[in-house]
Amino acid sequence: MPLALLALAVGAFGIGTTEFVIMGLLPEVADDLHVSIPTAGHLVSAYALGVVIGAPLLAAVTARLSRRTVLIGLMALFVAGNVLSAFAANYDYLLAARFLSGLPHGAFFGVGAVVATTMVAPERKARSVSLMFLGLTVANVVGVPAATLMGQHLGWRATFLLVSVIGVAAIASLALLIPHDHAHAPVVGLRRELAALRSLPVWLALGTTVAGFGALFSAYSYITPMLTDAAGFAEGSVTLLLALFGVGATAGNLVGGRLADHSLRGTLFGGLTSLAAVLALFPLLMTTEWTAALAVVLLGTAAFVTGSPLQLMVMEKAAAGPSLASSANQAAFNLANAGGAWIGGLALAAGFGATSPALAGAVLAVLGLGVAVTAWSVDRRRAVPGRERVVAAHVPDQSPALQH
């Protein structure tokens, strides 16, 4: 695997840290800026809105630029957003800065995934995407807890300064490690990128992402009350348990990338089936502390087994213009975040019990599997036999030198 994937992983680590660390610092931010905690919670939504808007928008306006230049520019925008967050004079400025920080998120992962797949042999494409996403999952194990602890002791502004430093390190890594001659986009243009989005298989792939990861966030958004109210954990233990989720997510991401290089659809179907099974078992697993801890690990593993296959699937179906579709898939992940949390909240509000969001997630996972099977059926009617990996066959900037 090329060393350049490390540069993408460093950027993913910084993005993952800044996305999730705000959740642990809401009390400190609310107290310092004299707002309520629910109002401070809008900072999470502002970031997510930035991702949803920025992912397709920035990918579209940079369609004719060098992918290396785009990645460096996106990370520079990320650094600017975090610096502005650190020095925000009041809540409104911080809200705007969080929106700005979210804008490059989706486009970075979308364009980065395309770059990652062009630097490896065809049989290692899914693995290359999983190694870039490794930065995101490791952020949940190391970056978020460390940055949260730093913010609690040195102030929340110090956390955003730390993330800015990580962003600068990512810019330096991208500049040094992403090769000039292999990271340039073919002359695709906005029209061709948009044309790729008119494909039914692309939208089915995006729909699978929304339903599949909506299943995860339906449960994960309410994992704390499940662990405290159903399993009986003390609130102080939740941080460690969330780190276990990150460990499971990291393992699932690596396993999913490796398996998807052998069978893309098989890995996707197996991951969604496993996710539905784990979520359906949550009411049983949340009855004791040790089985609840196991459930948290299994949830992260099952969910992130599907991450790389879903990203690669979207890119395959939009092979003529993959950057915009790949970035749109990141917007789909964030729609899944918001939608899944909303559906899980409905289950709780209806009085179905502390573990009911997981059961709602199981239904969403089955729905995602249904969409994936529908996409497979459509492909069987359309595709040329024996040509599952469209991206591998159509990437024009592949070089024999990159196969080593």
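Residues numbered from 1 in each chain as written. Predicted model: local features only at pLDDT ≥ 70, side-chain atom pairs only at ≥ 80, totals over all residues. Heavy atoms only, no water.

A. The overall build of the protein, seen in detail. Scanning the protein from terminus to terminus reveals 19 helices and zero strands. In the protein, which comprises 404 residues, the proportion classed as buried is 56%. Sequence-distant contacts, at least 24 apart, represent 85% of the contacts inside the protein between residues at least 6 apart. When the accessible surface of the protein is split by element, carbon and sulfur atoms take 70% of a total near 15,800 Å². (Helix = DSSP H or I, 4+ residues; strand = E, 2+ residues; numbered from the N terminus. Buried < 20%, exposed > 50% of the residue type's maximum accessible area, 1.4 Å probe, protein only. Contact = heavy atoms within 4.5 Å. Areas by Shrake-Rupley, 256 points an atom, 1.4 Å probe, with all protein chains shown as cover.)

B. The arrangement of the side chain of E19 in detail. Looking at the element boundaries, E19 is found in helix α1 (residues 4-24). For the buried E19, no salt bridge is present, and the opposite-charge side chain at shortest range is R98, 7.6 Å distant. Setting aside residues up to four positions removed in sequence, E19 forms contacts with Y47, R98, H105, L136 and N334. (Lys, Arg positive; Asp, Glu negative; His and termini not counted. Salt bridge = Lys/Arg side-chain N within 4 Å of Asp/Glu carboxyl O.)

C. Region of interest: a nonpolar patch on the surface. On the surface, L49, I53, L57 and V61 cluster together into a nonpolar patch covering about 350 Å² of accessible area. Along the chain, the position of V61 falls in helix α4 (residues 42-61). (Patch = residues over 30% accessible without salt bridge, like charges linked within 9 Å, V, L, I, M, F, W, Y side chains within 5 Å.)

D. Representation of the pattern of salt bridges in the model. Applying the stated criterion across every chain, the model contains three salt bridges. In this structure, R127 engages D261 in a salt bridge whose closest nitrogen and oxygen atoms are separated by 3.5 Å. Highlighted residues: R127 in helix α7 (residues 125-154) and D261 in the loop between α12 (238-260) and α13 (264-280), separated in sequence by 134 residues. In this structure R127 comes out as buried when scored by relative accessible area, which is 17%.

E. A look at the side chain of T355. Note on placement: T355 falls in the loop between α17 (322-349) and α18 (356-382). Residues contacting T355, with those up to four places away along its chain left out, are M226, A230, F282, P283 and M286.

F. Representation of helix α6 (residues 91-118) in the model. The terminal C-alpha atoms of α6, which comprises 28 residues, lie 42 Å apart, in line with the 40 Å expected from a rise of 1.5 Å per residue. With 22 of 28 residues buried, α6 lies mostly within the body of the structure. Among the residues of α6, the N-terminal cap falls to N90, whose side-chain oxygen and the backbone nitrogen of D92 are separated by 3.2 Å. (Expected span 1.5 Å × (residues − 1). Polar contact = N/O pair within 3.5 Å; in protein donor to acceptor, adjacent residues only side chain to side chain.)

G. Looking closely at unusual backbone geometry. Its identity as a non-glycine residue notwithstanding, H34 has a phi of 60°, on the positive side. Looking at the element boundaries, H34 is found in the loop between α2 (26-33) and α3 (37-40). Classification of H34 by relative accessible area gives exposed; the value is 73%.

H. Examining the packing of helix α5 (residues 67-86) against helix α8 (residues 156-177) more closely. Put simply, α5 and α8 touch, their axes get as near as 8 Å, and they point 165° apart. Relative to α8, the element α5 lies roughly antiparallel. Crossing angle aside, the handedness with which α5 passes α8 is left-handed. Contact residues: R68, L71, I72, M75, A76, F78, V79, N82, V83, S85 and A86 in α5; W156, R157, F160, L161, V163, S164, G167, V168, A170, I171, L174 and A175 in α8. (Axes fitted to C-alpha atoms, helices over the stretch in contact; angles between N-to-C directions. Parallel < 35°, antiparallel > 145°, perpendicular 65-115°, else oblique. Left-handed = near helix turned anticlockwise from the far one by under 90°.)

I. Geometry of the packing of aromatic side chains. The full count for this structure, using the stated rule, is seven aromatic pairs. Each ring, one from F213 and one from F304, has its centre 5.7 Å from the other, and the planes form 85°; the classification is edge-to-face. Linking F213 in helix α10 (residues 200-220) with F304 in helix α15 (residues 289-305), this pair joins segments that are 91 residues apart in sequence. Given the relative accessible area of 4%, F213 is considered buried. The interplanar angle of 25° and the centroid separation of 4.3 Å between the aromatic rings of Y220 and F245 together place this pair among those described as stacked. Placement of the pair is Y220 in helix α10 and F245 in helix α12, with a sequence separation of 25 residues. Here Y220 matches F245 in class, with each residue buried. (Phe/Tyr/Trp six-rings, centres within 6.5 Å; stacked < 30°, edge-to-face > 60°.)

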